[in-house]
Amino acid sequence: MFLNATQEQVRDMARAFADEVIRPVAESLDRDERFPSEIYDEMAKLGLFGIGVPENLGGPGFDTLTYAVVMEELGRGYSSIADQCGLVELISTLLVRHGTEEQQKLLPDFLSMKAKVAYCITEPEAGTDVSGIITTAVRDGAGWRLNGGKIWIHNAPVADYGFVLARTNKEAGNRGMSIFIVDLHAEGVTRGPKEHKMGQRASQVGALNFADVRLPSWALLGEENRGFHMMMSVLDKGRVGIAALAVGIGQAGLEAAVDYAGTRKQFGKQIAEFQGVQWLLADMAKDIEAARLLVYSAAMKLDRGEDATKACSMAKCFAGDMAVQRTSDAVQVFGGSGYIRGFEVERLYRDAKICQIYEGTNQIQRMIIARELMKKGARS
Ligand SMILES: Cc1cc2nc3c(=O)[nH]c(=O)nc-3n(C[C@H](O)[C@H](O)[C@H](O)COP(=O)(O)OP(=O)(O)OC[C@H]3O[C@@H](n4cnc5c(N)ncnc54)[C@H](O)[C@@H]3O)c2cc1C
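To keep things clear, this report deals only with the structure shown in the data block. These figures come from a predicted structure and were not determined experimentally.

Rules behind the numbers
Residues numbered from 1 in each chain as written. Predicted model: local features only at pLDDT ≥ 70, side-chain atom pairs only at ≥ 80, totals over all residues. Heavy atoms only, no water. Axes fitted to C-alpha atoms, helices over the stretch in contact; angles between N-to-C directions. Helix = DSSP H or I, 4+ residues; strand = E, 2+ residues; numbered from the N terminus. Parallel < 35°, antiparallel > 145°, perpendicular 65-115°, else oblique. Contact = heavy atoms within 4.5 Å. Nonpolar A, V, L, I, M, F, W, Y, C, P; charged D, E, K, R; others polar. Near = heavy atom within 4 Å. Polar contact = N/O pair within 3.5 Å; in protein donor to acceptor, adjacent residues only side chain to side chain. Areas by Shrake-Rupley, 256 points an atom, 1.4 Å probe, with all protein chains shown as cover. Domains from an automatic or database assignment. Pairing = 2+ DSSP bridges. Buried < 20%, exposed > 50% of the residue type's maximum accessible area, 1.4 Å probe, protein only. Salt bridge = Lys/Arg side-chain N within 4 Å of Asp/Glu carboxyl O.

1. A word on the packing of helix α1 (residues 5-32) against helix α2 (residues 37-46)
Interaxial distance between α1 and α2 falls to 12 Å at its minimum, and their mutual angle equals 170°. Taken together, the axes of α1 and α2 lie roughly antiparallel to each other. The residues of α2 that touch α1, namely those facing Met13, Phe17, Val21, Ile22, Val25 and Leu29, are Ile39, Glu42, Met43 and Leu46. Tallied by class, residues from the contact of α1 with α2 come to nine nonpolar, no polar and one charged.

2. Concerning the site of the ligand
Around the ligand, 16 residues are found, and the nearest of them are Tyr119, Thr122, Thr128, Trp152 and Thr361. One of the backbone N or O atoms of isoleucine 121 is found 2.9 Å from an oxygen atom in the ligand. With respect to the ligand, the backbone of histidine 154 contributes an N or O atom lying 3.0 Å from an oxygen atom. Across the complex, the protein chains shield 63% of the 970 Å² of accessible surface that the ligand would expose by itself. Within the residue set of the shell around the ligand, elements represented by two or more residues are β1 (117-120), β3 (143-154) and α11 (362-376). Of the residues assigned to the shell around the ligand, the class counts are nine nonpolar, six polar and one charged. Shared between two domains, the shell around the ligand holds at least three residues of each, these being domain 2 (117-228) and domain 3 (234-376).

3. A look at the pairing of β3
In the sheet, strand β2 (residues 136-140) pairs with β3 via five bridges, with the strands oriented antiparallel. Note that in β3 the partner of arginine 139 across the bridge is tryptophan 144. Linking β2 to β3, which pair antiparallel, is a turn of two residues; within it glycine 141 sits at a positive phi near 65°.

4. Some thoughts on the environment of isoleucine 133
Along the chain, isoleucine 133 turns up in the loop between β1 and β2. The spatial distance from the C-alpha of isoleucine 133 to the C-alpha of serine 178 is 11 Å, given a sequence separation of 45 residues. Contact partners of isoleucine 133, with chain neighbours within four places excluded, come to Ile121, Glu123, Ala126, Lys150, Leu165, Ala166, Arg167 and Met177.

5. So, unusual backbone geometry
One non-glycine residue, methionine 113, lies in the positive phi region at around 65°. Residue position: methionine 113 is located in the loop between α6 (107-111) and β1. Methionine 113 gets classed as buried once you look at its relative accessible area, which sits at 5%. Phi is positive for glutamine 200, which is not a glycine, with a value near 40°. Mapped onto the elements, glutamine 200 comes out in the loop between β6 (189-191) and β7 (205-215).

6. Let's talk about the pattern of salt bridges
When the charged atoms of two side chains with opposite charge come close together, those side chains can pair. Across all of its chains, the model carries 39 salt bridges by this definition. When the shortest N-O distance is used, the salt bridge between arginine 23 and aspartate 19 registers 3.9 Å. A residue pair is termed a helical-turn pair when its members lie 3 or 4 positions apart in one helix, as arginine 23 and aspartate 19 do in helix α1 at four residues. Among the residues examined, aspartate 19 registers a relative accessible area of 35% and is labelled partly exposed. One salt bridge in this structure joins glutamate 224 and arginine 139, with 2.7 Å as the shortest N-O distance. Residue glutamate 224 is found in the loop between β8 (220-221) and α7 (227-261), and its partner arginine 139 is found in strand β2; the two are separated by 85 residues along the sequence. Overall, glutamate 224 belongs to the partly exposed group, its relative accessible area being 27%. Each of Arg15, Asp19, Arg23, Glu73, Arg76, Glu255, Glu344, Arg347 and Asp351 takes part in one network of salt bridges that share partners.

In structure tokens form, the structure reads like this:
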């Protein structure tokens, strides 16, 4: 109803890939916390990285709604893998919008996963409050010298390039930060150990440290001191991606719960015949659909070039909360089995939790929604 023929075709391709390639290995990837290079290589061949990159820059040039349906399908397969797709999308959106011709030459390597990327904002004292970052870049001849460190960075243990937010003017607050494209194999870059996480365990997360790292002049992305604004401006799209991924997690939970309720018997009946179980399934289905529609609405606003900040925050907040609540319901439908490692719903519940935390916590999404309401009115 909302998707055109091309969007349906791309969705069906991503769904088939998730069913045939991702889902069968999701449990082992979670158990082994393994970076699945072979799956990313396949995805790159199918054009599933850099979905919004225009054709003249080597991408398929799809719109945000297409990106969202792909993220849902990959998230339904295994959200760690969708997360990689989201990360490449964020970085390529930055490069398409702000990169020079020379910088954009990196895109083919990012889209083919020949080079892995990291999006580096968070520091020990600067999480939600990005204005607290203390990583600095100071001019050094024609280039720059980078000092500081980042934590909890997706891909940090494996990445080749980091898009690093650093302070370039100590007095100017959010207007004193810039983004640098950092070669993570350069002298002075060190990596912390891989973090062991509750969920999305195939995603490699860790710290990056920069000790007097020399950056060439071309490393500055976009305008000096506009980095905060640039990073935040791509987060609207990022939030739609995370919201779609969360819908995918919820959908996988619903499918597993419906199958189980139709086969598990107690008191001589399928548990699906008990109203208590039916209500769990019904609540899951209605909230997943509501979240999906919020995702579509936000994506379509972005595609029409409308102000989509509130819509993107509503989608991210609702879908993230939904995924946690409704995968908990899926565990409930499974009873004790749902609490045991090896059952998909147990992993989905763990995987869902991060959707309330990264890409701006859900408290922050609520603050954004309220701020937009007060600024633009209740019908905005
Ligand atoms: C698995 C994982 C992957 C990540 N990937 C990346 C990445 O690739 N790149 C990157 O830069 N970062 C990444 N992060 C970091 C993530 O973005 C931060 O964890 C997140 O922004 C929250 O910051 P914090 O953890 O420091 O929490 P804090 O900011 O310390 O917040 C703690 C609590 O206080 C609440 N809070 C804070 N301020 C307010 C306020 N004003 N009003 C109401 N409540 C508030 C928060 O909502 C939260 O509940 C990742 C984190 C994880 C766990």
